[in-house]
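Observations on the three-dimensional arrangement
Below are the chains, spelled out letter by letter.
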Amino acid sequence: MSEQEAVRPPANHGWRVTLAGLGINLALAIMYTWSVISSGVPDGWGWSQADKSLPYAISCLVISVAMVPAGRMQDKLGPRLVATIGGLLVGLGMILASFTTTPLGYVLGFGVLTGAGIAFAYAAATPPAVKWFPAAKTGMIVGIVVSGFGLAPVYAAPLTNWLIDDFGLAQAVMVLGVAFLLVVSGLAQILKTPPPGYVPPGTPPQPAGSAPQRKEYAPGQMLSTWQFYVLWFMYACGAGAGLMIISMLAKIASVQAGLELGFVLVAVLAVGNGAGRIVAGIAYDKIGRKAALVGCFALQTVMILLLSQTTADSLLANATVLGVVSALIGANYGANLALFPSVTKDYYGLKSFGVNYGLMFTAWGFGGFLLALLAGKVYDETGSFNFAYYCSAALLAVAAVATFVVKPPRRVEEQRAA
């Protein structure tokens, strides 16, 4: 029996799938501990700050590109197989990286293989979960599933730091690779989509005699709408700004504030990241997409400008204050990962949600790749992150304005009838 062919499941099966997706994402977010891993690179390896940015930046790019075939495979073959492949690739990439001391080795292992594995498992975690619940709960369910990806550094950052301190970087990366291979591949076996014709409990009844409204877009149809490109730009701005800060957070605290907080700030940001996804998902359901998106972009702009003013003699150069700023930056970044899957589902439907969101998700990788790499190169040239801060703040402000322009697409036949 295939994943798509099943008898009517027990009422709580949707929550099992949701919690399995949450668990998978809790294991996948090893990439958010990169600032801890990169700070553990021995000086003897001779890596520059740009070298330390490269594996992370490549990982962002690979994740976004691999999400497209991964999403298509999820739609066609089901989530279980795709997530299992993801778990294997995540583990093998980390294990390969543990045998090298060069930036190229980490680019291939952490950047390419682990990045591809994250894409496959991540692409398979959310679509089956949202299909078990009515549309009114889309934001909440997406927020819960993806919150794992944000919350993971709460345990992964101190764990990684402890492993590096006690066993060295190579052994730490090896242990993490084996552990995440087993966890992701194991939880993948729980993922399952509803049977054909399944109607989630709580779905409003269809009025008698009315035809169901179909809002299903194939990938090509989605790409023919102008709304896709505006949303893509907005996603790239929001995600790129957050990923830039995540990749450099330990360095920012050390250089600008003179505080050696390391994994502590990564963990604090992760709490905000995970909580922001859940809060944003609920806000999406309650106050609507426009208000949720504008609030996210505006607050992130303010937080990054505040961070740009942090110096050793400023009020911001305080562990508590910097922790609050980091948590809010994490929350606003994480909000993007709940809001944009929800927008994609509402604008373009569930039938091709896997590949459609995969195409939308390329914005996440593009934004993260460019801004993370920009921050590393700017610091190597100037000894400051300020130019990167101002660029990302300007992009966020433009994205906030674009929120007032974008609106749900109408199908061609609807446009002709209007």
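These remarks concern the structure in this document.

Cut-offs applied
- Residues numbered from 1 in each chain as written.
- Predicted model: local features only at pLDDT ≥ 70, side-chain atom pairs only at ≥ 80, totals over all residues.
- Heavy atoms only, no water.
- Helix = DSSP H or I, 4+ residues; strand = E, 2+ residues; numbered from the N terminus.
- Contact = heavy atoms within 4.5 Å.
- Areas by Shrake-Rupley, 256 points an atom, 1.4 Å probe, with all protein chains shown as cover.
- Salt bridge = Lys/Arg side-chain N within 4 Å of Asp/Glu carboxyl O.
- Buried < 20%, exposed > 50% of the residue type's maximum accessible area, 1.4 Å probe, protein only.
- Axes fitted to C-alpha atoms, helices over the stretch in contact; angles between N-to-C directions.
- Parallel < 35°, antiparallel > 145°, perpendicular 65-115°, else oblique.
- Left-handed = near helix turned anticlockwise from the far one by under 90°.
- Nonpolar A, V, L, I, M, F, W, Y, C, P; charged D, E, K, R; others polar.
- Expected span 1.5 Å × (residues − 1).
- Phe/Tyr/Trp six-rings, centres within 6.5 Å; stacked < 30°, edge-to-face > 60°.

With that out of the way, let us pick up the overall build of the protein. For the protein, the count of helices and strands is 16 helices and zero strands. Sequence separation of at least 24 residues holds for 87% of the intrachain contacts in the protein that already meet a minimum separation of 6. Carbon and sulfur atoms form 68% of the exposed surface of the protein, whose accessible area is close to 16400 Å².

To continue, consider the environment of Ala129. Inspection of the secondary structure assignment puts Ala129 in helix α5 (residues 103-130). A C-alpha to C-alpha distance of 7.8 Å links Ala129 and Val142, two positions 13 residues apart in sequence. If we ignore the near neighbours within four places in the chain, the residues touching Ala129 are Val17, Thr18, Ile141 and Val145.

Okay, the pattern of salt bridges next. Evaluated as defined, the whole model comprises two salt bridges. The shortest N-O distance in the salt bridge between Lys345 and Asp346 comes to 3.7 Å. Assessed through its relative accessible area of 12%, Lys345 is described here as buried.

The geometry of a pair of packed helices is captured by two quantities: the angle between their axes and the separation between those axes. With their axes 9 Å apart at the nearest point, helix α6 (residues 138-151) and helix α13 (residues 319-348) run at an angle of 135° to one another. Comparing the axis directions of α6 and α13 gives the class oblique. Seen from above, α6 lies across α13 with right-handed handedness. Only Leu337, Ala338, Pro341, Ser342 and Lys345 of α13 make contact with α6, whose side of the interface consists of Thr138, Gly139, Val142, Gly143 and Val146. By residue class, the composition of the contact of α6 with α13 is five nonpolar, four polar and one charged.

Mapped onto the elements of the fold, Lys345 is located in helix α13. For Lys345, the residues in contact, after removing those within four places along its chain, are Ala135, Thr138, Leu350 and Phe353.

For the α-helix, the turn length of 3.6 residues means that residues three or four positions removed from each other point alike. In this model helix α15 (residues 386-402) runs 25 Å from its N-terminal to its C-terminal C-alpha over 17 residues, within 8% of the 24 Å that 1.5 Å per residue would give. Of the residues making up α15, those classed as buried are Ala388, Tyr389, Ser392, Ala393, Leu396, Ala399, Ala400 and Ala402.

A complete count under the given rule lists 16 aromatic pairs for this structure. Here the aromatic rings of Phe228 and Tyr229 are separated by 5.0 Å at their centres, their planes lie at 90°, and the arrangement is edge-to-face. Summarising the aromatic geometry, the rings of Tyr347 and Tyr348 are spaced 6.0 Å apart at their centres and angled 70° between planes, so their arrangement reads as edge-to-face. Classification of Tyr348 by relative accessible area gives buried; the value is 0%. The rings of Tyr122, Tyr235, Phe340, Phe353, Tyr357, Phe361 and Trp364 are connected pair by pair, giving a single aromatic cluster.

Now for helix α1 (residues 13-28). Helix length check: α1, at 16 residues, gives a terminal C-alpha distance of 23 Å against a target of 22 Å (1.5 Å per residue), a fit within 8%. With respect to burial, α1 is a largely interior element, 12 of its 16 residues being buried. Residues of α1 that are buried: His13, Gly14, Val17, Thr18, Ala20, Gly21, Leu22, Gly23, Ile24, Asn25, Ala27 and Leu28. In the core, the buried residues of α1 are packed alongside α4 (79-97), α5, α6, α7 (153-167) and α8 (169-188).

As a further point, take the packing of α5 against α6. The contact between α5 and α6 brings their axes to 9 Å, and the two run at 155°. By the angle between their axes, α5 is roughly antiparallel relative to α6. For α5 against α6, the interelement crossing comes out right-handed. Between α5, through Ile118, Tyr122, Ala125, Thr126, Ala129 and Val130, and α6, the contact on the second element is made entirely by Ile141, Val142, Val145, Val146 and Phe149.

It is worth stressing that arrangement in space is one thing and function is another; only the former is reported here.
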